[in-house]
Amino acid sequence: MRTNGFATLLLTALLAAIGPGTAAVSADQPPGAQVNPASLSRVPPADGRDVDWDATVYRSLQGNPRTLSPIFRSSLYEFYIAELLSPPLVVWDEKMRWRVHPDLVESYEESDDHTTATIRLRPRLKWHDARPFTAEDVVFSWRAILDERVPIRVMRVGTDQIAECRALDPHTVRFTFDAPSAVSRENLGFSIVARHVYEPGQRDDPTLRNSDYFNRVHRNPMGYGPYRFVEWLDNERIVLERWDDYPGRRPYIKRVVFRIAPDANSALMMLKKGELDEMPLRATQFAGASADEAFGRAAVRAFAPRWDYVYIGWNQDGSNPFFNDVRVRRAMTMTGNAPLMIERIYHNLVAPCFGIYHPDHWAFETRVKRVAYNTQQAAKTLDEAGWRVSDEDGWRYKDGVRFEFTMLLAQGSEAGPTVAAILQEDLRSIGVAMNTQTLEWATFLQRIRGHDFHACVGAWGMDPDPDSGWNIWRTDQYDSGRNYVGYSNPRVDELYEQARFSFDYDFRRRCYGEIQQLIYADQPYTFLWHRASLWAFSKRLRGVRLSPRGIGNFYPGMLDWWVPADAGSIHDS
Amino acid sequence: MFSYAVKRILWVVPTFLGITIATFALMHLTPGDPSLSADGLGQGVLSASEHQRLSEYFGWDRPLGIQYVDWLWAALRFDFGRSFADGQPVIAKIGRALPATLLLAVVALVASLALSIPVGILSARRRNGLFDSATGVLLYGLYSVPSYVMAVLLILVIGLWWDALPFRGMTSDGFADMSPGQKVMDVLRHVILIAVCLAYRPLAFQARFIRANLLEVTDAGYMRTALAKGLSPGRALVRHGFRNTWIPLITLIALTLPALLSGAVILEVIFSWPGIGRLLFDSIMRRDYPTVMGLTVLSAVLVLLATLLADLAYARIDPRVTYD
């Protein structure tokens, strides 16, 4: 019930923010767009009678994908497309529960010691060129991804945890893991390519990339999923079409056109004109839509909690004299006026967070108490930590060092500048000087990866299993992982280890709950808030649900979307 | 003339080297590398050893000088390498983006000249008359409106409210199934709004430029002679006066053209136009060095070529200019 309570809280905040005129509260008062109307998520009649089986849906992409090769893919856009062309064998459902893909996998078995997993593929699976999809394709793909000669960036992470992958027969694959771990099975979701297409090119080009042969293959990706590839015009659109020989569940939507529209304002105008069926909204766009009649005529809004968090990271690796002291970090958090930041940036659409898990998450620990905004308390805490205000200039000093640090911001970050401005103001009032430096994204990453910063504003998306915090919070992840701030707590290290290799749900839950408490107490970050998925959908679209990761990357996702037969095209012009 | 051309072409070599060395150094000295770029998922997840493996693979851990010489040697044989982002040949990537940019540049340039020349002549002919003052105010006004503001305005009014023209991309969805005639019309409809945004500021500038140059020559002796011979003022202005404004105008065009061809990043983003500007922008953000270098060479060659052609054209247009 706690989760529902939280959702209600968010929705209340949301409705308060967008005013009483919204149709979500009273249907007789347009003018703006509704929020999460029942029509948006309505399931189609079981006999499929009211469904427009020839519908085309226009989706938005904010950038041109680098590649449509399943194994080389690395960006979110590429994942949106890949999950329709070549879906993985294991998936997350909309509640972020692990499951096998029901269209592809007949059975899944783990050995008693959890070191091997056996997947039996559905027998009638085929590639889009009508060749059979077999266990050999899975094995070939696993080898290709781990092949040292293939310059893969993202897909190797996780796949490298599978020690062995063997075809027992054409429809059965056995995976072996190095150690029994609760998260091993998540790694079975790697991309699969057609052996009969890749192997012939491999002899001449072992990189699977730098030859005209593979250029052609990757520009015309062939999969085995419910949609097949039609065309890709760079920076303009990507078109997919339902593949009617798919042996699994038939999707309702016939054609999917991904429009590549990098500018959020132009995309909004396309939506109003009926040229887009969905697009992510910025918080200001979302809030502004409540009074926008043109928006209200064309589209509705969707709001869903998102499993991620925005934070201020404090570098505590000893390279600066400030943030090694937990009292200083607590004082920083007390100075961070999260409610005001949420109001300014997020129009009160989201709530402050309690550390590393979303309240809806199974590992969330309810006993964590938030550090509240209180600058007086912060000043007192800094006094105790030895940072005292100088009578001469009003700034705080300790051992002759002035408390003055620089906050790194990534360019284009929605929250960064406002977070910094609000914090800077409050810090100045208690005698701490904060400067800001805004860097272009790749430069920003290089700086924080190199631990070359005092403080930074960032955000982490959470993988469904809390084990994903392993490479953020463990001491040994300072050099090669994501522990950029140099956090170290031996008890946290130990708990991650214990939880990873346990299969007892309650035990893992206790471990991860304790981790959340410990990390929150240590305040390596100032945890600000969980963001929300803010989306616009055209009024004709049905069957849409958002997961805690947004619109894609879960099952069934887009496969549930449908357009009623009497809705007409959004594209009459 | 010939020896001048040869000399000019020889000068192109050091200029070209300078441009490419500067770009190459700038690109590589910018912090970050291709494994850390903006749209990569799990940016931080890449372990140090994985990072090392990729660095070796792409060769961006070698000394800069060696990387440059390798690049130059290949580039001289028209091999610009393969993109770090997707392994496609750089030439192929540029080739896919160039038609959109070329079309846009030509339409914008032709449109601005087709309007600015008559407007310039007319306003010079009736200097400080109603037409001159009105276009003057209008053109200065236009010139001071940033093109991205104009873009949003045009999209809102013409694209959305009137629903008269498309404002997204270069083609409609059913493009592949259209007849050739329909295809041409479809592309032209798509190019209009973005071309207007790209053209109106050069138009304003060129029109005032032509007017000013014409005014300078109206008092010249040969104009008086022309009028004395009985030519109408309009005819004298066009036949004798305008010819003398060609040289500065050609210089102006020669310098505008490469800028047009290197793409208009902001407009291309607003109009989802699949041109060179977006390719360049994406490539810089992704630290896709080979593609950035390929595009640099393209625009360097265009600038050098355009100024060279302009120089040579002077001699054709104006018999008084000789290079011997």
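Residues numbered from 1 in each chain as written. Chains lettered and ligands numbered in written order. Predicted model: local features only at pLDDT ≥ 70, side-chain atom pairs only at ≥ 80, totals over all residues. Heavy atoms only, no water.

## Things to note about the state of the cysteines
Residue and element names in this part refer to chain A. This is how it is decided: We call a pair of cysteine sulfur atoms a disulfide when they lie within 2.5 Å. Exposed residues in this analysis have more than 50% of their type's maximum accessible area, buried residues have under 20%, and partly exposed residues fall in between, with area computed by a 1.4 Å probe over protein chains only.
Inspection of the entire model under this criterion finds zero disulfides over all chains. Free cysteine: C353, not disulfide-bonded; nearest cysteine sulfur from C456 at 15 Å. Of the residues examined, C353 reaches a relative accessible area of 0% and is grouped as buried.

## Section: the nonpolar core
Stated formally: Nonpolar cores were defined as sets of buried Ala, Val, Leu, Ile, Met, Phe, Trp, Tyr and Cys residues, with membership established by side-chain atoms within 4.5 Å. Labels follow the DSSP assignment, with helices taken as runs of H or I lasting at least four residues and strands as runs of E lasting at least two, numbered in each case from the N terminus. In what follows, residue pairs with any heavy atoms lying within 4.5 Å of each other are defined as contacts.
Core analysis: the biggest nonpolar cluster contains 188 residues, and Y309, F405, W473 and W529 of chain A have the highest contact counts within it. Here this core gets 13 residues from one element, more than from any other, and that element is helix α7 (residues 180–218) of chain B. W473 of chain A has contacts with Y309, I356, N483, Y487, V492, D493, Y496, I519, P524, Y525 and F527 of chain A, leaving out every residue within four places of it along the chain. The next biggest cluster of nonpolar side chains, apart from the first, holds 34 residues, and it includes A55, L84, L85 and I238 of chain A.

## Here's the deal with the pairing of strand β20 (residues 525–529) of chain A
The two faces of the sheet receive side chains in turn, since in a regular strand these alternate between them. All names here are of chain A. As a reminder, the rule being used: Two strands are counted as paired when DSSP detects at least two bridges linking them.
By the criterion of burial, β20 is predominantly enclosed, with five of the five residues buried. Bridge count between strand β13 (residues 308–314) and β20: four bridges; the pairing is antiparallel. When the sheet's bridge partners are listed, Y311 is paired in β20 with F527.

## Re the domain arrangement of chain A
Residues and elements named next belong to chain A. This is how it is decided: An automatic or database domain assignment supplies the residue ranges for each domain. Two parts placed together each lose some accessible area; with a 1.4 Å probe, that loss summed over both constitutes the buried area. Salt bridges are identified by distance alone: a Lys or Arg side-chain nitrogen within 4 Å of an Asp or Glu carboxyl oxygen. Counted as a polar contact is a pair of N or O atoms within 3.5 Å, where, for protein atoms, one must be capable of donating a hydrogen and the other of accepting one, and residues adjacent in sequence contribute only when both atoms are in side chains. In this count, Pro and Cys sit with the nonpolar residues alongside Ala, Val, Leu, Ile, Met, Phe, Trp and Tyr, while Asp, Glu, Lys and Arg are called charged and the others, Gly among them, polar.
Domain parsing of chain A yields domain 1 (10–51 + 234–241 + 253–304 + 538–560), domain 2 (76–214) and domain 3 (308–530). Each of domain 2 and domain 3 has a C-alpha centre, and the two are 37 Å apart. Residue-level contacts link ten residues of domain 2 with nine residues of domain 3. Where domain 2 abuts domain 3, roughly 740 Å² becomes buried across the two surfaces, and 75% of that area is made up of carbon and sulfur atoms. Interface area lost by domain 2 to domain 3 is led by H114, A182 and V183, which between them contribute 50%. At the boundary of domain 2 with domain 3, the tally comes to zero salt bridges. Scanning the region where domain 2 abuts domain 3 turns up one residue pair in polar contact (both at pLDDT 80 or more). The residue makeup of the side of domain 2 that touches domain 3, split by class, is six nonpolar, two polar and two charged.

## Considerations on the interface of chain B and chain A
Contact with chain B, which involves 58 residues of that partner, is made by 57 residues of chain A. Approximately 4,900 Å² of surface area, both sides summed, lies buried where chain B meets chain A, with 50% of it carried by carbon and sulfur atoms. At the boundary of chain B and chain A, one finds seven salt bridges. With its nearest N and O atoms 2.9 Å apart, the salt bridge here joins E275 of chain A to R168 of chain B. At the boundary of chain B and chain A, one finds 20 residue pairs in polar contact (both at pLDDT 80 or more).

## Quick notes on the packing of aromatic side chains
Residues and elements named next belong to chain A. To keep things clear, this is the line we draw: Any pair of Phe, Tyr and Trp rings, taking the six-membered ring for Trp, is counted once the centres come within 6.5 Å. Such a pair is stacked with planes under 30 degrees apart, edge-to-face with planes over 60 apart, and tilted for the rest.
Summed over all chains, the structure comprises 45 aromatic pairs over all chains. Measuring from centroid to centroid gives 4.8 Å for W314 and F323, while their planes differ by 40°, and the two rings are tilted. Of the residues examined, W314 reaches a relative accessible area of 0% and is grouped as buried. When the ring of W362 is compared with that of Y512, the centres are 6.2 Å apart and the planes differ by 75°; the resulting orientation is edge-to-face. With a gap of 150 residues between them, W362 in the loop between α12 (338–346) and α13 (375–384) and Y512 in helix α18 (residues 505–522) connect regions that are remote in the sequence.

## Some words on the packing of helix α4 (residues 90–125) of chain B against helix α5 (residues 130–143) of chain B
All names here are of chain B. As a reminder of what qualifies: Geometry is summarised by axes, namely lines fitted to C-alpha atoms with helices restricted to the contacting stretch, and by angles between N-to-C directions that run from 0 to 180 degrees. Should an angle fall under 35 degrees it is called roughly parallel, over 145 degrees roughly antiparallel, and 65 to 115 degrees roughly perpendicular, with every other angle called oblique. Left-handed describes a crossing whose near helix is turned anticlockwise from the far helix by less than a right angle; the clockwise case is right-handed.
Where α4 contacts α5, the two axes come as close as 8 Å, and the packing angle between them is 135°. If you check the angle between α4 and α5, you find them oblique. Note on packing geometry: the crossing formed by α4 with α5 is left-handed. In this structure, α4 uses V119, L122 and S123 to contact α5, whose residues at the interface are F131, D132, T135 and L139. Its residues placed into classes, the contact of α4 with α5 shows four nonpolar, two polar and one charged.

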